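# Inside the fold
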Amino acid sequence: MQTVDAAGVRIGDDQPPRIMGVLNVSRESPYDPSVYDDPGEAAEYVDRELINQGADIVDVGLESANKRFEVLSAEEELDRLDVAIDTIESVSGDAVFSIETRYHEVAEVALDRGFDMVNDICGFADPKMAEVCEEYDVAVAKMASPPDLERPGAVEETPWAQRRSPEWARQAEYVDQVYEALKQNGLTDKTIVDPAFGGWSEAQTIEDDRETFRRLREFRGLGRPILVSINRKNFLRTIADRSTEEALPVSLAATSMAVERGAHMIRTHDVAETRDAALVGSAFTRERIDDGAIDVEELDVTTEGEARRHCERVGADETTAARSVVRAFELGGLAPTQRDWLNTHAPAHGGVYAPGDGDSDLLIGSPAALRALATDVDDATPLGEALATIADRLD
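Conventions and cut-offs
- Residues numbered from 1 in each chain as written.
- Predicted model: local features only at pLDDT ≥ 70, side-chain atom pairs only at ≥ 80, totals over all residues.
- Heavy atoms only, no water.
- 1 Å grid on protein atoms, 1.4 Å probe; cavity = no way out; pocket = protein on both sides within 12 Å on 5 of 7 lines; lining within 4 Å.
- Points joined across faces, edges and corners; volume = space filled by probe spheres on them.
- Helix = DSSP H or I, 4+ residues; strand = E, 2+ residues; numbered from the N terminus.
- Nonpolar A, V, L, I, M, F, W, Y, C, P; charged D, E, K, R; others polar.
- Domains from an automatic or database assignment.
- Salt bridge = Lys/Arg side-chain N within 4 Å of Asp/Glu carboxyl O.
- Buried < 20%, exposed > 50% of the residue type's maximum accessible area, 1.4 Å probe, protein only.
- Pairing = 2+ DSSP bridges.
- Contact = heavy atoms within 4.5 Å.
- Axes fitted to C-alpha atoms, helices over the stretch in contact; angles between N-to-C directions.

## Section: the layout of surface pockets
- When its volume is computed, the second largest pocket comes out at roughly 740 Å³.
- For the second largest pocket, the lining is made up of 26 residues, of which D176, R215, E218, G305 and R308 are closest to its centre.
- Only α6 (166-171), α7 (174-183), α8 (206-214) and α12 (304-314) provide two or more residues apiece to the lining of the second largest pocket.
- Ranked by residue count, the leading element in the lining of the second largest pocket is α12, at six residues.
- Tallied by class, the residues present in the lining of the second largest pocket amount to three nonpolar, four polar and 19 charged.
- Counting contributing residues, the lining of the second largest pocket receives three or more from each of domain 1 (4-284) and domain 2 (294-324).

## Regarding the pattern of salt bridges
- For the structure on display, the rule yields 28 salt bridges.
- A salt bridge links R113 to D82; the shortest N-O distance between them is 2.9 Å. With a gap of 31 residues between them, R113 in the loop between α3 (104-112) and β6 (117-120) and D82 in helix α2 (residues 74-90) connect regions that are remote in the sequence.
- Note on R113: relative accessible area 36%, which makes it partly exposed.
- Ionic pairing is found between K183 and E180, a salt bridge with its closest N-O pair at 3.2 Å. Remark: E180 and K183 occur in helix α7; sequence separation between them is three residues, near one turn of the helix.
- A network of salt bridges, in which partner residues are shared, links E173, D176, E207, E211, R214, R215, E218 and R309.

## Regarding empty space enclosed by the protein
- The tally for this structure, following the rule as stated, stands at one cavity of 30 Å³ or more.
- When its volume is computed, the largest cavity comes out at roughly 30 Å³.
- In this structure, the largest cavity is lined by I230, N231, S251, L252, T255, I266, R267, T268 and T274.
- Of all elements in the fold, only α10 (248-260) and β10 (265-268) reach the threshold of two or more residues within the lining of the largest cavity.

## Regarding the sheet that holds strand β8 (residues 191-194)
- Taken in spatial order, the eight strands line up as β8-β7-β6-β5-β4-β3-β10-β9 in an open sheet, and their pairing is parallel. Looking at strand neighbours, the two that pair on one side only are β8 and β9 (227-228), the edges of this open sheet.
- Of the pairings in the sheet, the one linking β6 to strand β7 (residues 140-143) comprises three bridges and is parallel in character. When the bridges of β7 are listed, V118 appears paired with V140.
- The strands touched by α3 within the sheet are β5 (96-101) and β6, with β5 carrying the most contacts at an inclination of about 160 degrees.

Don't take any of this as a statement about function, it's just geometry.
As structure tokens, then:
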């Protein structure tokens, strides 16, 4: 996993979780507590509510990315940039300042005038954005998006049949599309990837976001730090049936889980609380780095899909992913003949059958071993049905 230096703030596995606080100078932004158009008031807010509460990075938005609003042109964003510049020049605290934009022209002017990094919500849809970030040697957050400056985050609207293949487009799940969208137009050495949580298109569902969150570790396969923006998002609020104003507790629970699953940076309006939740998640992450004469990194891999992403990244045979992780299942109520069958057949396929001294036994093996075992028994029998259920759970 690559560590990214954002103007002296290091972001990666061997660093504490980083908090990105939010300031909007966009009148149309829906979250009022973070919206300012007076530089003095905005600077006061940044010092008091963001930096003093623990923000490492302050992300300044010039326009709302909400799909309900018309997209501003680069010229219109530049007209608002003076307020952002005056604000960061008036801030007394110490933080890295990020400009949220989709246009390379805006990024270039902002970097020239004091900003430290870029948050590109259109995922390098502007092909010159990566060039500007590389030229200035700055960190850039890249959100999963189609190659369309007017459709941030709407990954399903990418012409996947043309960009990959018709077969891939038919078979790809939403998370596959997000992963591929992040790869489009490449990654700089200082890219931070953002899987684009939130209702970015009419087609994106709450379950899409939940599945992306469940599979968050897969994005570690890109080899870059991960940014998540989940603060008070619908896919969390609806779990507890909370309004935006009531949704802080569910956001904090998800923050801890996101960091434990591999996220390195959390973008939030609730800095102090999110910082604490992120630190809890960080305390329970697995130790991933082992320094020595040979570079060793223990990968955080728990599923076949996560293993496949890393195989793809390093150019290894992706079919080995099915043998790269181990799953364990408890079976109860097996008959003696079923136990005898498992005792013989599980080892033959590379699995482990561990009979207990009571009514429960353990079946352990890689997805490849367990799938092979399931195909070796009559699926019309109770044991066959149980093994088929296990095989289905391995996907």
